[in-house]
Amino acid sequence: MKIKRIYSILFVQVIALFGLSAQEVRLPLDLPVSFSGTYGELRGNHFHAGYDFRVGGRIGDPIHSIKDGYISRISMSPSGYGKGVYVTHLDGTCAVYGHLSAFTDEIEKLVRKKQYEDESFSVNLYFNQSTFPVKKGDVIGKVGNTGSSVAPHLHLEVRDENGTPFDFVNEGYYDIKDNVPPIFQRIKFYSYVDTTGVPETSFLLGFDAPTSLSRVIELPEKSYICIDAVDKQAGTPGRLAVEHYRVLLDGETIFDFKVGEMPSYKGLYIKSLIEYGESYYSGMDMVKSYVEPGNALRSHIESKNSGLIILEDTLVHKLRVEVRDGQNNLSAINYRVKRGNKVQPKGVSNDGRVPMFWNLPNVYRADSLSFAIPAASLYRSILLNVEERRGFDPNNNIYSSIWSIGDYLMPMHKAATIHIKADVPDSLQSKALIMKLNSNGVESAVGGKWVNGGVQASVSSFGTYYVAIDTIAPQLSFSFKESAKVTSRSVIYARMRDNLSGIRSYRVEIDGKWALSYTRRGRIEIVLDPNRFKRGKNHKIVVTAEDSRGNSSRIESDFYW
Ligand SMILES: [Zn+2]
């Protein structure tokens, strides 16, 4: 009896602890909950680490701390979270509130002071628990649209004591009612052949707005499926995250991926999780069942035969695709598949291509090119095709051969090192850089430095590269007239662009003092701060800029403010 009583007391205490933790949390906004983004969404190079709360398009609503704790960090950046507040809670978790329009007045002043001290728009401030303690419900800032945000919203993420963001809604912070299952947007099948020892894949067939089919689909002996699905919730047009993808062949799981708790360093492996070429062409992130050997998300994946659909006979087999949201709402599609003789993959031979092994460092060398791929940069082994076009044409700013290297639809995890020999006069070698010719015909600057009779640079993709030179300084102009009266303005603008290598740095001074500014959409937005510059007089403004090849320009003007 006694033992039993102790057990029941323990049980009551455990319940109390869990119950208490729920009461310790409140919502960050005084608005009905509606999400435009959820935890785990595939966002190109990362999984969305939190929830995006909709705010009805309004800037300025108060944001409340969801728990007791203290402000441990403030970040200010023209990109990313813009104005960000980090609140560390007593249990070691940390809530990150992003894209704010304003901090508290006290913190606004501290940030401004630090910006002038560092002469930098971007700042980070760190605090211990005694500086800004907060109680659940305290206002820590206002809703905004700063940083990498396209519409007013609140980004809230919660990280555990190791800094790993987790799905706090599914962990029970809030009781969100969601009965709406995910929807399939598109399904595609790809063939898989590895007769050369290196896998080759190609598109077979696909379905838009797919549903279960009664007719039999013919597939080759080996193939895999690509799934584009989004989750829906009542009351929001948001395309939210699917939490769980599963593919079954004859009732047996061949692919099972759960987002789960995703450390941010694994985010880039999305490039292997999805069919990369589909993303490149259509912007669609289709999760593929084929698990490449270099995909470090395998700890979140269960698979059989690397997720391949293998048809060893010519009988009809059942293929089932399931997607679930975080609340376990399920959508499923059933197919009937059989091995078809008509579906033969394209003939494959080496064609003089060079194998590059995913788990080894690889170097391709030609007379005037070297291309080095570090180990585990490729997610699977490939056959590399390299073509040289004689491109030397200084009138068109081409100082080397033009090299087409590999398949630009094949992702790379770590940067490769490229070296292209070039015929550049000594006096211009410091102005030389590597350019990339993109598949749409648009060129972009890569950069690099002159070594060993050519330019060496880091590149993060396969593609077409050559050497050019940049001797042209950035173009600068003010968007107001000389001696203009701008009395009513708190921000003035200057336009800034560079023809080729890109802006390395710029600086704005008013009356000889550094002025706060940031760049957005190709222009500099310059803050006229009455605490730094005296109102009601003429001021002198100077803007200087330098591109990444050291070409610099300077403009100046007077204005009345
Ligand atoms: Zn977000």
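Residues numbered from 1 in each chain as written. Predicted model: local features only at pLDDT ≥ 70, side-chain atom pairs only at ≥ 80, totals over all residues.

J.: Please explain the environment of L27 as it appears in this structure.
T.: The topology assignment puts L27 in the loop between α1 (2-23) and β1 (35-37). C-beta crowding within 10 Å serves as the criterion here: with 15 such atoms nearby, L27 is assigned to the partly exposed category. Measuring from C-alpha to C-alpha, the distance between L27 and Y173 comes to 8.8 Å, with 146 residues separating the pair along the chain. Apart from residues no more than four positions distant in its own chain, L27 is found in contact with V33 and Y174. (Helix = DSSP H or I, 4+ residues; strand = E, 2+ residues; numbered from the N terminus. Buried ≥ 20, exposed ≤ 12 C-beta atoms within 10 Å, placed from the backbone. Contact = placed C-beta atoms within 7 Å.)

J.: Teacher, can you tell me more about the domain arrangement of the protein chain here?
T.: Buried accessible area, meaning the area lost when the parts come together, often serves as the stated size of an interface. Each assigned domain of the protein chain is listed here: domain 1 (24-166), domain 2 (183-339), domain 3 (354-469) and domain 4 (475-560). In this structure, domain 3 and domain 4 have C-alpha centres spaced 36 Å apart. Listed per partner, the contact involves 6 residues of domain 3 and 6 residues of domain 4. Its residues assigned to classes, the side of domain 3 that touches domain 4 shows 3 nonpolar, 2 polar and 1 charged. (Domains from an automatic or database assignment. Nonpolar A, V, L, I, M, F, W, Y, C, P; charged D, E, K, R; others polar.)

J.: Sorry if this is basic, but what is going on with the sheet that holds strand β41 (residues 523-527) here?
T.: Two modes of strand pairing occur in sheets, parallel and antiparallel, and in both the strands are linked by backbone hydrogen bonds. Within the open sheet, the 4 strands sit side by side as β35-β37-β41-β40. Their pairing is antiparallel. Looking at the sheet topology across the chains shown, the edges are occupied by β35 (475-478) and β40 (517-520). For this sheet, the mean inter-axis angle between neighbouring strands, taken without regard to orientation, is 25°. Where β35 lies against strand β37 (residues 491-497), 4 bridges are found, and the strand directions are antiparallel. Across the sheet, S477 pairs through a bridge with R495, a residue of β37. (Pairing = 2+ DSSP bridges. Axes fitted to C-alpha atoms, helices over the stretch in contact; angles between N-to-C directions.)

J.: In this structure, what is going on with the environment of G235? I would like to understand it.
T.: With respect to the helices and strands, G235 occurs in the loop between β15 (222-230) and β16 (244-249). Along the chain, G235 and V33 lie 202 residues apart, while their C-alpha atoms are 9.5 Å from each other.

J.: Looking at this structure, I do not really get helix α2 (residues 105-118). What am I missing?
T.: Each turn of an α-helix holds 3.6 residues, which means side chains three or four residues apart point in the same direction. For α2, with 14 residues, the first-to-last C-alpha span of 20 Å sits near the 20 Å given by 1.5 Å per residue. Among the residues trailing α2, E119 stands out with phi positive, at a value near 50°. (Expected span 1.5 Å × (residues − 1).)

J.: Can you walk me through the sheet that holds strand β19 (residues 301-303) in this structure?
T.: Taken in spatial order, the 6 strands of this open sheet run β14-β22-β21-β16-β17-β19, and their pairing is mixed. Single-partner strands in this sheet number two, and they are β14 (216-219) and β19. On average, adjacent strands in this sheet sit at an angle of 25° to one another, irrespective of strand direction. In terms of strand pairing, β16 meets strand β17 (residues 252-258) through 6 bridges, oriented antiparallel. In the strand pairing of β17, V247 is matched with F255.

J.: Can you help me understand the pairing of strand β31 (residues 443-447) in this one?
T.: Side chains on a regular strand alternate between the two faces of the sheet. Across 4 bridges, the pairing between strand β30 (residues 432-437) and β31 is antiparallel. Among the inter-strand pairings, K436 is bridged to a residue of β31, identified as S444. Adjacent in sequence and paired antiparallel, β30 and β31 are bridged by 5 residues, among which G441 carries a positive phi angle near 85°.

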